[in-house]
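# Structure assessment
Listed here are the chains, written in short residue letters.
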Amino acid sequence: MLDAIRGSAVNAAEPGQITQHIGASFVPANVIKNVCGNLLEKLKIDIIIPGLLFIDTPGHEAFITLRKRGGSVADLAVLVVDINEGFQPQTDESLEFLKQFKTPFVVAATKIDLIFGWQKKPTTCFQDSYGYQPREVQDELEAKLYSLVAQLYERGFEAERFDRITDFKKQVAIVPCSGRTGEGISELLVMLAGLAQRFLKDNLILSEKARGNVLEVKEVKGLGTTIDAIIYDGVIRVGDTLVVGSKNGIIITKIKALLRPPELKELRMEKKFDYVKEVVAAAGIKIAAPNLENVIAGSPIVCVKNEEEIEEAKRIIEEETEKIEFTKDIEGVLAKADTLGSLEALVKILNDNQIPIKKAEIGHVTKQDVIEIDVVKDEDKKAILCFNVDLLEEAELLAKEKKIPVFKSNIIYRIVEDYKKWRDDKKEREKLEKLESVIRPAKIRIIPGFVFRNRQPAIVGVEVLAGVLKVNTPLALEDKKDVGKVKQIQKEGKNVNQIKTGEKAAISMDEPTVGRQINEGDILISVITPHNLRILNEVWDKLQDDEKQLLREWGMV
């Protein structure tokens, strides 16, 4: 989508008018006007904003990395959904963050060019292209569009195609478009510009202090450690005092250089930069200053002009980097993430799922992290959950040696889901193992005429009236008088470990003699000890209904 917007803008703009910011693309107002052309007149929209800064970060990271107190740095969001595939896990995760930060958004329903029979047109206007399409293609698009409307409704949002909306305060606009052909880009830009001007006027007024967030911390040859940042308010200048959060507390330093990549170049691949004296929000910029080594990605930044403002700036930083709150539990999981925002999001989801946390920190997983989690006694909690970070080599080797599971993903919900599945599967396996080892409730009848041997061992034919009879089950008469233990079970000429309700087999017992302790037609029941009963309660959901009924009849539950 961004490539399509940049491409459209390049074609429409004079050279040098578009600035490619750090992790962001700035589209100025005159370019929006040139791209959208007659559409603005048709919709009676006059562009008064200076432009749109598209934060170019994958998926939901714009919301968990770029944040300010009380919400997201983004004024508006574009939720990109493949019109042919609908909602995916990443879409739902992005939507959760939009809800959390109360960020207004439009839906870009992309890949309309992949609808069967779509005829691509050399235009950036969806409505022009839509009018050229055959009726069956239009119908197919409408069906897919209203499938999206239904999916949004299921998630608590009323939505409609952008040109059919009756109330922009209550309905989410869906713009059908294509990142490959550029169709629909005009309407997307118009929607964003129009919504910004109509509902976000107060956000366009700049304050005196420059405010922003750290995107990345990078080493640059000749400059040392630099930070890539989004400035969302105010004006930042060379020589300003920079106040920023770090691993070791607040850093106060002087900005020695502000850099941005040449026009239409992506900073992450670019090695040459343009030096500038000042930058006005909203913008992305690389900042060079001393002592930035321990700055944390996601940290807020404040720039001030004189020393009197430093204390106020420190207070703002402290407020915005309040400790991520969670109840430390020595029997909890270990959580690691790449930024303050993502760690906070991970902790929140763990708390929501009642998963206790032993430790939550920013940075890669170290050997010390593995050592710390290894002392957790509860095997279900002995796990490392990490978002957008790696295991250092020593940590990876130790985790493998200690058999500590590590859950990694760039989708926070997937990390938690994977952990819960592992935990639940593990509990399931443990239950089944316990079920294999425990004596089960059973009620059997010695079948008359099927005594094969009277003693040492006694071998008789039995029928299971209820429950499960296993090898080594101690048996008693219904008056609770013990008669012996099942030595072997043989069914259809083969030794088996157990037989269930309705099954018949021959069993052998060393202790009793047929005609003395046991007789044909006797009813025998399994002897359940307190220890066995405790295990049966732990695996209650795995027992047969008639096993539960036997325990009730025997007054054991």
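Our subject is the structure listed above.
Residues numbered from 1 in each chain as written. Predicted model: local features only at pLDDT ≥ 70, side-chain atom pairs only at ≥ 80, totals over all residues. Heavy atoms only, no water.

Scanning the protein from N- to C-terminus turns up 15 helices and 31 strands. In terms of C-alpha radius of gyration, the protein reaches 34 Å, well past the compact-globule figure of 24 Å for 557 residues. By its C-alpha atoms, the protein is 105 × 65 × 35 Å across when sized along the principal axes. Burial analysis of the protein (557 residues in total) assigns 52% to the buried set. (Helix = DSSP H or I, 4+ residues; strand = E, 2+ residues; numbered from the N terminus. Rg over C-alpha atoms; globule rule 2.2 N^0.38 Å. Buried < 20%, exposed > 50% of the residue type's maximum accessible area, 1.4 Å probe, protein only.)

With respect to topology, four strands assemble into an open sheet ordered 6-7-9-8, the strand pairing being parallel. The open sheet is flanked by strand 6 (77–82) and strand 8 (158–161), the only strands paired with a single partner. Neighbour to neighbour, the strand axes of the sheet diverge by 30 degrees on average, direction disregarded. By the bridge criterion, three bridges tie strand 7 (residues 105–110) to strand 9 (residues 171–176) in an arrangement that is parallel. Note that in strand 9 the partner of Val107 across the bridge is Ile174. Contacts from helix 5 (residues 89–101) reach strand 6 and strand 7, with the element oriented near 160 degrees to strand 6. (Pairing = 2+ DSSP bridges. Axes fitted to C-alpha atoms, helices over the stretch in contact; angles between N-to-C directions. Contact = heavy atoms within 4.5 Å.)

Under the counting rule described, the total for this entry stands at seven aromatic pairs. Geometrically, the ring pair formed by Phe126 and Tyr130 is tilted, given 5.3 Å between the ring centres and 35 degrees between the ring planes. Here Phe126 pairs with Tyr130, and both are found in helix 6 (residues 126–132), just four residues apart, close to one helical turn. Both residues of the pair, Phe126 and Tyr130, belong to the buried class. Their ring planes at 85 degrees and their centres at 5.8 Å tell us that Phe407 and Tyr419 sit as a pair that is edge-to-face. Of the two residues, Phe407 sits in strand 23 (residues 406–409) while Tyr419 sits in helix 13 (residues 412–437), which places them twelve residues apart along the sequence. Of the two residues examined, Phe407 and Tyr419, each falls in the buried class. Joined through ring pairs, the aromatic side chains of Phe126, Tyr130 and Phe162 make up one cluster. When the ring centre of Tyr132 is taken as reference, the NZ or CZ atom of Lys121 above it lies at 4.8 Å. (Phe/Tyr/Trp six-rings, centres within 6.5 Å; stacked < 30°, edge-to-face > 60°. Lys NZ or Arg CZ within 6 Å of the ring centre and 35° of its normal.)

Moving on: helix 2 (residues 29–36). For helix 2, the complete set of buried residues consists of Ala29, Val31, Ile32, Val35 and Cys36. All buried residues of helix 2 lie within an arc of 160 degrees about the axis, which places them on one face of the element. Immediately downstream of helix 2, the backbone of Gly37 shows phi near 50 degrees, a positive value. (Arc of directions from axis to C-beta.)

On the basis of which strands lie adjacent, the open sheet formed by eight strands has the order 14-13-19-10-11-18-15-16 and antiparallel pairing. Each edge of the open sheet is held by one strand with a lone partner, namely strand 14 (249–254) and strand 16 (274–276). With strand direction ignored, the average angle separating the axes of adjacent strands in the sheet is 35 degrees. Sheet topology places strand 13 (residues 241–246) next to strand 14; six bridges connect them, and they run antiparallel. Pairing of Gly245 across the sheet is with Ile250, part of strand 14. In this fold helix 9 (residues 310–320) packs onto strand 10 (210–220), strand 11 (224–233), strand 13, strand 14 and strand 19 (300–304), with an angle of close to 170 degrees to the strand it touches most, strand 19.

Limitation: the analysis is restricted to geometry and does not speak to function.
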